[in-house]
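Descriptive structure summary
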Amino acid sequence: MTTIVWFRQDLRLDDHPALHAAVKRGEGIVPVYVWSPDDEGDWPAGAASRWWLHHSLQSLDASLRRCGSRLIVQSGRAVEVLARLVDTTGASTVFWSRRYEPAAVKVESKVEKMLGERGVKCQGFNASLLHDPDAIRTKTGGPYQVFTPFWKTLQDGLEVGRPLAAPKRLKSPAKWPDSQSADRLQLLPTLGWADAFSTVWTPGEAGAASRLKSFFASIQEYDEERDRPDHEGTSRLSAHLHFGEISPSRLWCAIIEHESARRHHGPSTGATSFLREVAWREFAQHLLHHFPNTPERPLRDAYGRFPWRRSSKDLKAWQRGMTGSPYVDAGMRQLWSTGWMHNRVRMMVASFLVKHLLLDWRHGAAWFWDTLVDADLANNTLGWQWCAGCGADAAPYFRVFNPITQGEKFDPDGLYVRQWVPELSRVPDKFLCRPWEAPPAVLREAGVRLGSTYPHPIVEHSEGRQRALAALASIKEKP
Ligand SMILES: Cc1cc2nc3c(=O)[nH]c(=O)nc-3n(C[C@H](O)[C@H](O)[C@H](O)COP(=O)(O)OP(=O)(O)OC[C@H]3O[C@@H](n4cnc5c(N)ncnc54)[C@H](O)[C@@H]3O)c2cc1C
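For clarity, every value in this text was computed on a predicted model and none was experimentally measured.

Per the secondary structure count, the chain includes 21 helices and five strands. Computed over its C-alpha atoms, the radius of gyration of the chain comes to 24 Å, within 12% of the 23 Å expected for a compact globule of 479 residues. Counting only C-alpha atoms, the chain reaches 80 × 50 × 50 Å along its principal axes. Counting over 479 residues, the chain shows a buried share of 47%. Partitioning the contacts of the chain with sequence separation of at least 6, the portion at a separation of at least 24 is 77%.

Put into structure tokens, the structure is as follows:
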């Protein structure tokens, strides 16, 4: 007899409840990944995510082979591929890890129905969150819309499950089904755009473990360092978490164990602050689960009539890091070059798009979706709706980040801007985030010609701020 383990966003062997349950059954195991972009509704994986997935699938296959097994890769609608596999392998059981995005939930219920009709035992396990999104409820039984009480409930009331060890050997089925090689899925971008990604990232379970290990060295300083894009003060685990190369329970328990080995009185401020960010990830999934329309629609109805501008020219300048606002441009170029951007700068560039440029947050969310290696429907939706002021627990719309003072505060020596906007590298600190204020001789000395080697700002801060506030007032005035 055979058990199929359907891998999804859980590309690891460690702390994998579905795989663990399959091993316990004692049957031959067929590990399967189904490439099914048509199952993802309006959100098939973007280009940077596909790059990551390609490498992560190869890494998972290598790990499975070390256990005497292999990864079967097939493409098509999951319900059809799994039906075929059940028929060809004669599987008695199918296990998987649940996903909580609206389209993925629909696919899962179709799969359950199909397997039920065939008399095949099946079960989905929670492997991507500390707690199922339905496990956390307000006192009145509804979903949370404010983070602090959500975090308090998570800290006070709920135990994080003990992570399960990775299996050492996996029993093979009597006959292996056909498999496609990861190359045949053509996930890698054809142009050289993502070539440099592999100098920054190591997709796969081992890459995740090694990131975590190196993060331990700086976790105590996380509270101060996490706001500094010019330093490596954050874990950079987001893509590993998204693809399930490390489980949140393993991460949570590793942090607690690491801290208790060093201290006697619970986790340091740095570690607590880090766990709080991991809880934001849980909060994002909780919101998406309870408000499944939020990737497309603002949570606050009034924003449905917000007077967004349309300007493909401004949108393109933003996407390419050519707005003339150096701190914003640095972030957008970091994203383009590495598939990742520091959280502090994500907030800045998002605010700049929706407030200074008055362009719809959904354009920004779509661009991030395509270019982030950690693109995640729940986190991205939360992040954009938060910055636009239209989501749960959002930044008030009237708080408009100033790209000059933000840059000067969080990149005080200009290292970040100079790295990503090298044409300004010789501009003195004083003018780095506001080169248009520099005297002509200073710009000449720095080799900068505004409008030629670097753009003039497409919008001036106070003008952008006034325009954004007027737009907000217009939706408030209506009943
Ligand atoms: C506009 C916008 C869009 C975003 N889009 C995404 C996205 O598509 N995918 C994504 O993973 N994160 C997104 N974020 C959240 C955050 O920027 C990233 O999770 C973080 O920068 C990843 O870097 P890290 O792993 O070093 O984070 P760390 O600071 O080391 O945090 C640890 C983990 O906590 C989680 N986390 C941290 N901050 C947040 C947050 N604000 N919301 C939810 N989870 C968080 C992530 O899983 C992260 O890996 C977005 C934020 C904004 C403002």
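The next thing to look at is the packing of helix α11 (residues 269-290) against helix α16 (residues 377-388). The N-to-C vectors of α11 and α16 enclose an angle of 90°; their axes lie 8 Å apart at closest approach. In terms of orientation, α11 lies roughly perpendicular with respect to α16. Between α11, through Arg281, Ala284, Gln285, Leu287 and Leu288, and α16, the contact on the second element is made entirely by Leu377, Ala378, Asn379, Thr381 and Leu382. Its residues assigned to classes, the contact of α11 with α16 shows six nonpolar, three polar and one charged.

The first and last C-alpha atoms of helix α13 (residues 326-338) sit 18 Å apart over 13 residues, in line with the 18 Å expected at 1.5 Å per residue. A large share of α13 lies buried, amounting to ten of its 13 residues. Every buried residue of α13 is listed here: Pro326, Tyr327, Val328, Asp329, Ala330, Gly331, Met332, Gln334, Leu335 and Thr338.

The subject of this paragraph is the site of the ligand. Around the ligand there are 28 residues in total, and Thr234, Ser235, Ser238, Asn380 and Gly383 lie nearest to it. Of all the secondary-structure elements, those providing two or more residues to the shell around the ligand are α9 (238-242), α11, α14 (343-356) and α16. Top element by residues in the shell around the ligand is α16. It accounts for six residues. Looking at side-chain class alone, the shell around the ligand contains 13 nonpolar, eight polar and seven charged residues. Here the shell around the ligand gathers at least three residues from each of two domains, domain 2 (129-163 + 206-290) and domain 3 (301-474).

Another aspect to go through is the packing of helix α15 (residues 361-371) against α16. At a closest axis distance of 10 Å, the pairing of α15 and α16 adopts a crossing angle of 150°. At the point where α15 passes α16, the crossing takes the right-handed sense. Residues Trp361, Gly364, Ala365, Phe368 and Trp369 of α15 lie in contact with α16, whose contacting residues are Asn380, Thr381, Trp384, Gln385, Cys387 and Ala388. Looking at the contact of α15 with α16 residue by residue, the class counts come to seven nonpolar, four polar and no charged.

Okay, the sheet that holds strand β4 (residues 93-97) next. Judged by pairing direction, the sheet is parallel, and its five strands sit side by side in the order β3-β2-β1-β4-β5 without closing on themselves. On the outer flanks of this sheet lie β3 (72-75) and β5 (121-125), each paired with one strand and no other. If you compare each strand with its neighbour and ignore which way they point, the axes differ by 25° on average. Pairing analysis gives four bridges linking strand β2 (residues 28-35) to β3, with the strands arranged parallel. By the bridge assignment for β3, valine 34 is matched with glutamine 74. Docked against the sheet, helix α1 (residues 17-25) engages β1 (2-7), β2, β4 and β5, running at close to 155° with respect to β4.

Further remarks concern the environment of alanine 165. Tracing the sequence through the fold places alanine 165 in the loop between α5 (147-157) and α6 (197-200). Counting along the chain gives 200 residues from alanine 165 to alanine 365, while the straight-line C-alpha distance between them is 36 Å.

Time to look at α14. What sets the pattern is the α-helix's 3.6 residues per turn: residues three or four places apart point alike. Taking 1.5 Å per residue as the helical rise, α14 with its 14 residues ought to reach 20 Å, and the 19 Å between its terminal C-alpha atoms agrees with that figure. Among the residues making up α14, those that are buried are Arg344, Val345, Arg346, Met348, Val349, Ala350, Ser351, Phe352, Leu353, Val354, Lys355 and His356. Directly after α14, the chain includes leucine 358, whose backbone phi takes a positive value near 60°.

It is worth spelling out the domain arrangement of the chain at this point. For the chain, the assigned domains read domain 1 (2-127), domain 2 (129-163 + 206-290) and domain 3 (301-474). Relative placement of domain 1 and domain 3: their C-alpha centres are 39 Å apart. A per-class count over the side of domain 1 that touches domain 3 returns five nonpolar, two polar and one charged.

Here the focus is the nonpolar core. Grouped together as the largest cluster of nonpolar side chains are 126 residues, with contacts concentrated most on Ile4, Val5, Trp6, Val32, Leu82, Val94 and Val417. Sorting elements by how many residues they give to this core places α11 first, with eight residues. When sequence neighbours within four positions are dropped, the list of residues in contact with leucine 82 reads Trp6, Val94 and Val111.

Inspection of the secondary structure puts proline 167 in the loop between α5 and α6. As a C-alpha pair, proline 167 and aspartate 15 span 152 residues in sequence and 9.3 Å in three-dimensional space. The residues touching proline 167, leaving out its near neighbours within four places in the chain, are Leu13, Leu19, Val23 and Cys67.

Here we come to unusual backbone geometry. Positive phi, normally seen in glycine, also occurs at glutamine 186, with a value near 50°. Residue placement: glutamine 186 occurs in the loop between α5 and α6. Using a count of 11 C-beta atoms within 10 Å as the deciding quantity, one classes glutamine 186 as exposed. Its identity as a non-glycine residue notwithstanding, leucine 358 has a phi of 60°, on the positive side.

Criteria and cut-off values
- All residue numbers here refer to positions counted from 1 along the written sequence of the relevant chain.
- Confidence filtering applies because this is a predicted model: local features only for residues at pLDDT of at least 70, side-chain atom pairs given and counted only at 80 or more, and all residues used for totals across whole chains, interfaces and linings.
- Strands are runs of DSSP state E lasting at least 2 residues, helices are runs of H or I lasting at least 4, and numbering of each runs from the N terminus.
- Only C-alpha atoms enter the radius of gyration, while the globule expectation follows 2.2 Å times N to the 0.38, with N the number of residues.
- The burial criterion counts other C-beta atoms lying within 10 Å of a residue's C-beta, which is placed from the backbone; the residue is buried at 20 or more, exposed at 12 or fewer, and partly exposed between these limits.
- Residue pairs are scored as contacts if the distance between their C-beta atoms, which are placed from the backbone, is within 7 Å.
- Inter-axis angles, ranging from 0 to 180 degrees, are taken between N-to-C directions of lines fitted to C-alpha atoms, where helices are fitted over the stretch in contact.
- Just so you know how the angles are binned, under 35 degrees is roughly parallel, over 145 roughly antiparallel, 65 to 115 roughly perpendicular, and the rest oblique.
- All amino acids are sorted into three groups, where Ala, Val, Leu, Ile, Met, Phe, Trp, Tyr, Cys and Pro are nonpolar, Asp, Glu, Lys and Arg are charged, and the leftover types, Gly among them, are polar.
- The length a helix should cover is 1.5 Å for every residue beyond the first.
- The criterion for a residue being near a molecule or strand is simple: its C-beta atom, placed using the backbone, must lie within 6 Å of it.
- Segmentation into domains, and thus their bounds, comes from an automatic or database assignment.
- For a crossing to be left-handed, the near helix must be turned anticlockwise from the far one by less than a right angle; the clockwise case is right-handed.
- Any two strands between which DSSP finds at least two bridges are classified as paired.
- We define the nonpolar core as any set of buried residues of the types Ala, Val, Leu, Ile, Met, Phe, Trp, Tyr and Cys, connected via C-beta atoms lying within 7 Å of each other.

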